[in-house]
Amino acid sequence: MKNNKNWLKLNRSILTSSVFDNPKLLKVWIWCLCKASHKEREQVVGRQIEHLHEGQFIFGRKVASRELNMAESTVYRYILQLKQLGNVSIKTNNKYSVITVENWRLYQYDTRQLEQLNEQQMNNKRTTKRLYWANISNCPVETKAYKHYILIKKYYVNFQKIS
């Protein structure tokens, strides 16, 4: 199967969320998840180019009203409610808004990708620590870092003797 980005994840925890209690709000929320970009991209809006990050999309009340089959004012009120709940943030100008689905990566990333990202970050931290200590042990004696290195080294040697 090809790596197809035409799907979205919907966690079962939505059943206990405040969004689930209101069918129209749930409809707008799922619409937002579907509209959000799955990767960084440029979008032309009128004569402007808008740079969108993952989880962002261009919002206009008229198009949203048509796509959701709701009145413009109703759509806008539900978008504001999602903002109040912390599900989205909105950056507005006089022609359109850029809506950001908050925590989009948590909602939509493949679990394996998140695990790989976390492991990569941990490996980077370990490598940085090793390089730091390797560089410190080669420092000239008069530096503060070298003095700290010697103190810590003595502590560990003494600690190992006690154990």
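Residues numbered from 1 in each chain as written. Predicted model: local features only at pLDDT ≥ 70, side-chain atom pairs only at ≥ 80, totals over all residues. Heavy atoms only, no water.

(A) Quick look at the environment of Ser18. Topologically, Ser18 is positioned in the segment before helix 1 (23–35). With 64 residues separating them along the chain, Ser18 and Leu82 place their C-alpha atoms 10.0 Å apart. What Ser18 contacts, discounting residues up to four positions off in sequence, is Leu25 and Leu85. (Helix = DSSP H or I, 4+ residues; strand = E, 2+ residues; numbered from the N terminus. Contact = heavy atoms within 4.5 Å.)

(B) The arrangement of the nonpolar core in detail. Membership of the largest hydrophobic core comes to 23 residues, with the highest contact counts inside it found for Val28, Trp29, Cys32, Phe57, Phe59 and Leu82. At the level of secondary structure, the elements contributing two or more residues to this core comprise helix 1, strand 3 (56–59), helix 2 (61–68), helix 3 (72–85) and strand 5 (97–101). Looking at this core, the element that brings in the most residues is helix 1, giving 7 residues. The contacts of Leu82, once residues within four sequence positions are left out, are Val19, Leu25, Val28, Trp29, Cys32, Asn87 and Val88. One finds Val45, Leu52, Ile58 and Tyr96 within the second-largest nonpolar core, a separate group that totals 5 residues. (Core = buried A, V, L, I, M, F, W, Y, C linked by side-chain atoms within 4.5 Å. Buried < 20%, exposed > 50% of the residue type's maximum accessible area, 1.4 Å probe, protein only.)

(C) Molecular detail of helix 1. Spanning 13 residues, helix 1 covers 18 Å between terminal C-alpha atoms, matching the ideal 18 Å at 1.5 Å per step. Every buried residue of helix 1 is listed here: Leu25, Leu26, Val28, Trp29, Trp31, Cys32 and Leu33. Summarising the contacts, the buried residues of helix 1 are in contact with strand 3, helix 2, helix 3, strand 4 (88–92), strand 5 and helix 4 (104–108). At the N-terminal end of helix 1, a side-chain oxygen is found 3.1 Å from the backbone nitrogen of Lys24, two or three residues along, and the residue is Asn22. (Expected span 1.5 Å × (residues − 1). Polar contact = N/O pair within 3.5 Å; in protein donor to acceptor, adjacent residues only side chain to side chain.)

(D) Layout of the pattern of salt bridges. On inspection of all chains with the given rule, the structure shows 2 salt bridges. Lys35 is paired through a salt bridge with Glu67; the nearest N and O atoms lie 3.2 Å apart. Here the residue Lys35 occupies a position in helix 1, and Glu67 occupies one in helix 2, the gap between them amounting to 32 residues. Note on Glu67: relative accessible area 43%, which makes it partly exposed. (Salt bridge = Lys/Arg side-chain N within 4 Å of Asp/Glu carboxyl O.)

(E) Quick peek at the sheet that holds strand 5. The 3 strands are arranged 3-5-4 in an open sheet whose pairing can be described as antiparallel. What marks the edges here is a single partner per strand, and that holds for strand 3 and strand 4. Sheet twist, expressed as the mean angle between neighbouring strand axes with direction ignored, is 25°. As paired elements, strand 3 and strand 5 share 4 bridges and run antiparallel to each other. Within the sheet, the bridge partner assigned to Gln56 lies in strand 5 and is Thr100. (Pairing = 2+ DSSP bridges. Axes fitted to C-alpha atoms, helices over the stretch in contact; angles between N-to-C directions.)

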